[in-house]
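Chain by chain, the residues run as shown.
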Amino acid sequence: MSVQALQSFFAMGGYAVYVWPAYAVFFIVLIADTCSPIFRRRRLLRELNARVARQSARQGQASDKTSPTQTTP
Amino acid sequence: MKNPGLANACAAMLRRDLTLAWRRRGDIAMPVLYALIVTMLFPFALGPEDSLLQRIAGGVILVTILLSMLLALDALFSSDIEDGSLEQLVLAPQPLALMLGMKILAHWITTALPLIVATPLLAAMLHLPAAVIPVLLLALLLATPLLSLLGAVLVALTAGTRRSGMLLALMLLPLCVPAVIFAAGAVAAAQQGLPWLAPIVWLAAALVLAVALAPLACAAALRIALDA
Amino acid sequence: MSNWIPLWLHKLSSPPTFYRFAGTLRPWMMAFALLLGAIGLYGGLVLAPPDYQQGDAYRIIFIHVPSAWMSMFIYGVMGVSAFIALVWRIKLAEVVAMESAPIGAAFTFITLVTGSLWGKPMWGTWWTWDARLTSELVLLFLYLGVIGLYHAFEDRRQGARAAAFLAIIGIINVPIVHYSVTWWNTLHQGSTVNIFGHSKIAWDMLWPLLTVTLATKFYYAASLFRRARTDLLALESGKEWVRQIAAREGKR
């Protein structure tokens with residue numbers, strides 16, 4: 001494809017100011033729509049793992065307290 | 001003996017709500033004051049020319065009254081939720097839709113009726129021709145119950161939430177577009193000397209439909225929102 | 001013999017099964033969406049000839065019209081699953097309804113913005129109070145209302161049911177708004193615009209349009225699957241199958 005053809009493609013017959021922003025909005029909105037659940041999922045799994053870790057830690061602590069080998073409060 | 005019991009329950013519901021509203025008379029005056037102040041601001045914002053004010057008067061009054069009603073709508077169930085009487089109502093043997101219909105009627109009497117009474121004053125402030133005022137009042141008599149009924153369904157939906165003021169506006173105002181169009185259409189037609197009956201009849205038809213369906217929808221919405 | 005379909009649907013509506021099902025299907029949906037989108041947009045932007053009236057500005061049609069169709073299609077899906085969620089109280093239907101709303105709002109927003117970017121060179125205005133445009137705007141507000149109501153509740157399932165109810169009210173309302181604005185327009189004799197001046201659209205322009213439409217359908221499926229999977233993880237966070245997934249994927 002020649003440079004001139006490419007240039008005329010990007011010029012969109014003088015309507016580049018309207019056509020390309022429209023396409024930009026289309027892609028930006030859809031990319032944002034795709035990304036938001038990805039981030040949400042990551043955050044969710046992190047919280048979940050933290051909660052599981054806390055729970056198991058608390059259980060470990062509870063068993064420590066009942067054991068007679070406990071030294072400091 | 002069922003029907004007299006039902007009629008008694010309806011009357012008791014209406015009486016209770018009207019008594020409660022009467023005990024807090026100051027709250028009844030609030031929407032009217034709000035509408036007066038908003039209407040007062042328009043001439044200052046747009047300039048005092050009679051012709052301009054006359055042209056926009058119908059629409060301004062309708063939108064102002066819609067917003068004043070929105071302001072009061074939030075309180076429709078809030079005190080009943082706080083003191084738990086709404087839950088009693090849900091559990092009561094009487095049909096919930098009918099009882100809610102009575103509550104909506106009481107709410108319409110205490111908020112919309114004062115606004116309609118004040119409408120000639122608002123119209124005079126904006127120099128609306130006296131001949132158009134009956135049409136405006138008729139349109140309001142049909143449009144305000146429609147808004148009360150529609151709004152009650154949405155208020156019932158938000159009953160279980162804490163922050164509901166702006167959310168209610170976001171949900172209600174798009175649903176109001178047809179009511180505003182027909183009410184304002186009737187007023188504009190009357191102002192131009194055109195036949196104004198058609199939009200009024202459309203409003204009446206919508207009101208009949210809403211009277212039949214909205215209390216049922218309101219009951220269903222309340223059951224969803226209170227079902228914790 | 002013919003009851004394997006309800007049985008299969010019943011199985012599918014259980015969250016862990018749907019989670020796996022959506023997980024295997026989602027990459028294919030996204031791949032189809034990207035492939036068809038690339039083909040359709042190449043056909044629309046490069047191969048299709050300029051319009052004899054609108055020049056190259058009409059090329060916005062290839063995203064505007066599919067988005068507009070999707071905004072209504074997704075509202076339909078949301079309404080149907082809202083109905084199912086309210087009547088049969090199926091958790092998956094609530095998830096589908098509530099996770100459709102943001103995607104629908106995104107497509108409605110795209111429709112409005114691309115429409116006004118198209119309207120400016122063609123009609124000389126960004127916006128006009130036409131029935132079609134106003135209905136689309138009301139549709140956006142409805143989507144936002146559904147999303148707002150869903151998030152206003154502390155209990156997610158209760159919020160989903162309340163918002164589902166609002167979605168059903170909206171389904172009744174949108175046609176009423178459309179016809180009342182049409183009536184309003186005839187009263188005011190305002191700026192009536194005719195987007196589809198020539199109803200016969202050339203094949204060169206039609207096939208990219210249909211291809212992009214298909215691509216947006218696949219995109220919706222992929223996005224819905226991704227969102228529904230995330231939402232199911234959040235809703236079922238106490239369950240064992242979610243903990244297993246969290247433990248497996250947390251290590252990576």
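Residues numbered from 1 in each chain as written. Chains lettered and ligands numbered in written order. Predicted model: local features only at pLDDT ≥ 70, side-chain atom pairs only at ≥ 80, totals over all residues.

S.K.: For the overall build of chain C, give the residues involved together with the corresponding values.
M.R.: The helix and strand tally for chain C stands at eight helices and zero strands. Ordering the α and β elements of chain C from the N terminus gives α-α-α-α-α-α-α-α. When the backbone C-alpha atoms are referred to their principal axes, chain C occupies close to 60 × 45 × 40 Å. (Helix = DSSP H or I, 4+ residues; strand = E, 2+ residues; numbered from the N terminus.)

S.K.: Lay out the interface of chain B and chain C with the relevant residues and their values.
M.R.: Counting from both sides, the interface comprises 23 residues of chain B and, opposite them, 23 residues of chain C. Those elements that provide at least two residues to the side of chain B that touches chain C are helix H7 (133-157), helix H8 (165-191) and helix H9 (197-226) of chain B. Broken down by element, the residue count for the side of chain B that touches chain C peaks at 10 residues, all from H8(B). Broken down by class, the residue content of the side of chain B that touches chain C amounts to 16 nonpolar, five polar and two charged. (Contact = placed C-beta atoms within 7 Å. Nonpolar A, V, L, I, M, F, W, Y, C, P; charged D, E, K, R; others polar.)

S.K.: I'd like a description of helix H6 (residues 96-125) of chain B, backed by residues and values.
M.R.: Residues and elements named next belong to chain B. For H6, built from 30 residues, the straight-helix expectation of 44 Å at 1.5 Å per residue is met to within 8% by its first-to-last C-alpha distance of 42 Å. Of all the bends in H6, the greatest, near 40°, is centred on Ala-118, and the proline Pro-120 appears no more than four residues after it. Downstream of H6 by a residue or two, His-127 has a phi angle that is positive, lying close to 60°. (Expected span 1.5 Å × (residues − 1). Bend = angle between axes of the 7 residues up to and from the residue.)

S.K.: Break down the interface of chain C and chain A for me, with residues and values.
M.R.: Facing the 32 residues of chain C at the interface are 23 residues of chain A. Of all the elements, helix H4 (residues 91-123) of chain C adds the most residues to the side of chain C that touches chain A, at 11 residues. Looking at the side of chain C that touches chain A, its residues break down into 19 nonpolar, six polar and seven charged.

S.K.: Any chance you could break down the arrangement of the chains for me, citing the residues and the numbers?
M.R.: The interface with the most contacts, out of two pairs of chains in contact, is the one formed by chains A and C. A gap remains between chain A and chain B, with no contact made and the closest C-alpha atoms lying 22 Å from each other.

S.K.: Let's hear about the nonpolar core: which residues, and what values?
M.R.: Residues and elements named next belong to chain B. Judged by nonpolar contacts, the single largest core of 152 residues is most densely connected at Ala-139, Val-153, Ala-156 and Leu-203. It is H7 that provides the largest number of residues to this core, a total of 17 residues. In this structure, Ala-156 is in contact with Phe-77, Cys-218, Ala-221, Leu-222 and Ala-225, ignoring residues within four places of it in sequence. (Core = buried A, V, L, I, M, F, W, Y, C linked by C-beta atoms within 7 Å. Buried ≥ 20, exposed ≤ 12 C-beta atoms within 10 Å, placed from the backbone.)

S.K.: I'd love a proper account of the confidence of the model for chain A, names of residues and values included.
M.R.: Of the residues in chain A, 82% have a pLDDT of 70 or more, and the chain-wide mean is 81. The low-confidence segment residues 67-73 of chain A, where pLDDT is below 50, has two contacts with residues more than four positions distant or belonging to other chains. (pLDDT = per-residue confidence, 0-100.)

S.K.: An account of the packing of helix H2 (residues 25-46) of chain B against helix H3 (residues 50-73) of chain B is needed here, citing residue identities and associated values.
M.R.: The description of two packed helices rests on the angle between their axes and on the distance between the axes. Residue and element names in this part refer to chain B. At their nearest, the axes of H2 and H3 sit 9 Å apart, and the two run at 145° to each other. The way H2 lies across H3 gives a crossing that is right-handed. For the pair formed by H2 and H3, the contact residues are Pro-31, Tyr-34, Ala-35, Val-38, Thr-39, Phe-42, Pro-43 and Leu-46 on the first element and Leu-52, Leu-53, Val-60, Ile-61, Thr-64, Ile-65, Ser-68, Met-69, Leu-71 and Ala-72 on the second. Here the residues of the contact of H2 with H3 are counted per class, giving 15 nonpolar, three polar and no charged. (Axes fitted to C-alpha atoms, helices over the stretch in contact; angles between N-to-C directions. Left-handed = near helix turned anticlockwise from the far one by under 90°.)

S.K.: Talk me through the confidence of the model for chain C; I want residue IDs and the actual numbers.
M.R.: When pLDDT is averaged along chain C, the result is 85; 92% of the residues meet or exceed 70. Across chain C, helix H3 (residues 61-88) of chain C holds the top mean pLDDT of 92, while helix H1 (residues 4-12) of chain C sits lowest at 78.

S.K.: If you had to explain the packing of H3(B) against H8(B) to someone new, which residues and values would you point to?
M.R.: Residues and elements named next belong to chain B. H8 packs onto H3 with a crossing angle of 150° between their chain directions and a minimal axis gap of 9 Å. The pairing of H3 with H8 is recorded here as roughly antiparallel in orientation. Between H3 and H8 lies a crossing of right-handed hand. Taking contact as the criterion, the partners of Gly-58, Gly-59, Leu-62, Val-63, Leu-66, Leu-70 and Leu-73 in H3 are, on H8, Leu-168, Ala-169, Leu-172, Cys-176, Val-180, Ala-183, Ala-184, Val-187, Ala-188 and Gln-191. Tallied by class, residues from the contact of H3 with H8 come to 14 nonpolar, three polar and no charged. (Parallel < 35°, antiparallel > 145°, perpendicular 65-115°, else oblique.)

S.K.: Now, about the environment of C:Gly43: what can you tell me, with residues and values included?
M.R.: All names here are of chain C. Structurally, the position occupied by Gly-43 is in helix H2 (residues 15-47). It is 7.9 Å that separates the C-alpha atoms of Gly-43 and Trp-207, two residues lying 164 residues apart in sequence. Excluding residues that lie within four positions of it along the chain, Gly-43 makes contacts with Ala-48, Trp-207, Pro-208 and Thr-211.

S.K.: Which residues make up unusual backbone geometry, and what values go with them?
M.R.: At B:His127, a position not held by glycine, the phi torsion is positive, near 60°. Relative to the assigned elements, B:His127 resides in the loop between H6 and H7. Within the chain, C:Arg89 stands out as a residue other than glycine whose phi angle is a positive 55°. With respect to the secondary-structure elements, C:Arg89 resides in the loop between H3 and H4.

S.K.: Quick rundown of the environment of C:Phe21? Include the residues and the values.
M.R.: Residue and element names in this part refer to chain C. Tracing the sequence through the fold places Phe-21 in helix H2. By the C-beta count within 10 Å, which is 14 here, Phe-21 ends up partly exposed. In this structure, the C-alpha to C-alpha distance between Phe-21 and Arg-229, residues 208 residues apart in sequence, is 9.8 Å.

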